[in-house]
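Working through the structure, step by step
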Amino acid sequence: MSGVDLSVVWLTLKLASVVTLLLLLIATPIAWWLSQTQSKFKPAVGAIFAIPLVLPPTVLGFYLLLLLGPNGPAGQLSAALGLGTLPFSFAGIAIACAVHSLPFVVQPLQNAFEAIGKRPLEVAATLRASPWDCFWHVVVPMARPGFFTAIVMGFCHSIGEFGVVLMIGGNIPGETRVLSVEIYNHVEAMEYGQAHWLAGGMVAFSFIALLAIYMINHRASQRGTL
C-alpha cells in the first residue's frame, strides 16, 4: 500500500474509534430506557432509533446535510459556538456515522439488558444498592457480551460507511477521505491492485470481528447453561 492509503487507513480507524466511543455514551442510556420502560411510546421511540437500518444512506445523508449545513439548526449552533462548519469536516462525518450506526449499538445493548431480567436488580435493591450501583456492578458485568457486540458492530459499521460519509464529507484527502471512499477512488481509476489490497483487508477484518462476536456469545451462552 502507498503512503496515501496508509493515511486513509489511519483516518478511518480514528473515525471509527471516535464514533464508537460517542455511540456508547449515547446508546447505553437509550438501550437501558428501552429495555426497562413500560411506556406506550416505546414502539415509536424504538422505531425512530432503528430508522437508519432501513433508510438509504443517501437519504439520511441528505437530511443530515440540511441539518448540519450553515442554514440548519445544528450548523447555526456550531457557528455560534465558534466551531466552524460541520459539513466536509472530520467532525461532520463523525456525527453522520454516529447517527447511521446508532441502531447497530442500541439493539445489542437493549437485548443484553432485557436478557438480565428483573430478578438480579431486585436482589441488589434488597441489599440497599442504589440504582447507580445496580447498573455498574450488576447490569454492566452481566451485559458484557452485549457491550462487546455493540462495540464491534459500531466500530465495523463506521469503518465500512460510504454513502453518508460521501454526502456529508465529500472526498477531501486527510480530512474526510476514508477507506470506503478510497476503494471507490481506486476502482474509478481502474487501479484494481490497490483496491484489492484495501477491500481484501476489510473482508479479513470483518470476518475476524464477526468471529470474535460469535465466540464470545457462544461462551456466554455455555456459561448460562451450566
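Structure: see above.
The structure displayed is predicted, hence computed values, not measured ones.

Along the protein chain, the regular secondary structure elements total 11 helices and zero strands. Reading the secondary structure of the protein chain in the N-to-C direction produces α-α-α-α-α-α-α-α-α-α-α. Of all intrachain contacts in the protein chain linking residues separated by at least 6 positions in sequence, the fraction that spans at least 24 positions is 73%. When the accessible surface of the protein chain is summed, it comes to about 12,700 Å², and 71% of that surface belongs to carbon and sulfur atoms.

Core analysis: the largest hydrophobic core is formed by 40 residues, its most contacted members being Leu15, Val19, Ile93, Val106, Leu109, Phe113 and Ile168. Among the elements of the structure, α1 (3–36), α3 (57–68), α5 (90–116), α6 (119–126), α7 (131–142), α8 (144–160) and α9 (163–169) are those that each provide at least two residues to this core. Looking at which element gives the most residues to this core, the answer is α5, with 13 residues. Not counting the four nearest positions on each side in its chain, valine 19 is found in contact with Ala94, Cys97, Ala98 and Ser158. Judged by nonpolar contacts, the second largest core, of eight residues, contains Phe155, Ile159, Ile183 and Leu198.

Before going further, it helps to spend a moment on α7. Under the 1.5 Å per step criterion, the end-to-end length of α7 is 15 Å for 12 residues, consistent within 8% with the ideal 16 Å. Regarding α7, the residues found buried are Cys134, Phe135, Val138, Val139 and Val140.

Moving on, we get to the pattern of salt bridges. A side chain of one charge can pair with a side chain of the opposite charge if their charged atoms are brought near each other. For the coordinates displayed, the defined rule picks out two salt bridges. Residue lysine 42 is joined to glutamate 114 by a salt bridge in which the shortest nitrogen-to-oxygen separation is 3.7 Å. Placement of the pair is lysine 42 in helix α2 (residues 42–54) and glutamate 114 in helix α5, with a sequence separation of 72 residues. Between arginine 177 and glutamate 182 there is a salt bridge whose closest N-O contact spans 3.8 Å. There is no split in this pair, since arginine 177 and glutamate 182 are both buried.

One pass over the structure, following the stated rule, counts nine aromatic pairs. Seen from their ring centres, tryptophan 32 and phenylalanine 135 are 5.4 Å apart, and the 75° between their planes marks the pair as edge-to-face. Remark: phenylalanine 135 occurs in helix α7 and tryptophan 32 occurs in helix α1; sequence separation between them is 103 residues. Residue tryptophan 32 is classed as partly exposed on the basis of its relative accessible area, which comes to 25%. Between phenylalanine 162 and tyrosine 184, the ring centres sit 5.6 Å apart and the planes meet at 50°, which makes this aromatic pair tilted. Of the two residues, phenylalanine 162 sits in the loop between α8 and α9 while tyrosine 184 sits in helix α10 (residues 179–188), which places them 22 residues apart along the sequence. Cluster of aromatic residues (ring-pair linked, three or more members): Trp32, Phe113, Trp132, Phe135, Trp136 and Phe147. The ring centre of phenylalanine 90 lies 4.8 Å from the NZ or CZ of lysine 14, which sits over that ring.

Packed helices, taken two at a time, are described by the angle their axes make and the gap between the axes. The contact between α1 and α2 brings their axes to 10 Å, and the two run at 150°. Here α1 lies roughly antiparallel to α2, going by the angle between them. The handedness of the crossing between α1 and α2 is left-handed. Across the interface between the two elements, Ile30, Trp33 and Leu34 of α1 pack against Lys42, Val45, Gly46 and Phe49 of α2. Classifying every residue of the contact of α1 with α2 by side-chain character gives five nonpolar, one polar and one charged.

Together, Leu21, Leu22, Leu25 and Ile26 make up an exposed nonpolar region whose accessible area comes to about 370 Å². Residue classification places isoleucine 26 among the partly exposed positions, given a relative accessible area of 36%.

The subject of this paragraph is the environment of phenylalanine 205. Positionally, phenylalanine 205 belongs in helix α11 (residues 192–225). Phenylalanine 205 sits 185 residues away from threonine 20 along the chain, and the two C-alpha atoms are 16 Å apart.

The rules we used
- Residues numbered from 1 in each chain as written.
- Predicted model: local features only at pLDDT ≥ 70, side-chain atom pairs only at ≥ 80, totals over all residues.
- Heavy atoms only, no water.
- Helix = DSSP H or I, 4+ residues; strand = E, 2+ residues; numbered from the N terminus.
- Contact = heavy atoms within 4.5 Å.
- Areas by Shrake-Rupley, 256 points an atom, 1.4 Å probe, with all protein chains shown as cover.
- Core = buried A, V, L, I, M, F, W, Y, C linked by side-chain atoms within 4.5 Å.
- Buried < 20%, exposed > 50% of the residue type's maximum accessible area, 1.4 Å probe, protein only.
- Expected span 1.5 Å × (residues − 1).
- Salt bridge = Lys/Arg side-chain N within 4 Å of Asp/Glu carboxyl O.
- Phe/Tyr/Trp six-rings, centres within 6.5 Å; stacked < 30°, edge-to-face > 60°.
- Lys NZ or Arg CZ within 6 Å of the ring centre and 35° of its normal.
- Axes fitted to C-alpha atoms, helices over the stretch in contact; angles between N-to-C directions.
- Parallel < 35°, antiparallel > 145°, perpendicular 65-115°, else oblique.
- Left-handed = near helix turned anticlockwise from the far one by under 90°.
- Nonpolar A, V, L, I, M, F, W, Y, C, P; charged D, E, K, R; others polar.
- Patch = residues over 30% accessible without salt bridge, like charges linked within 9 Å, V, L, I, M, F, W, Y side chains within 5 Å.

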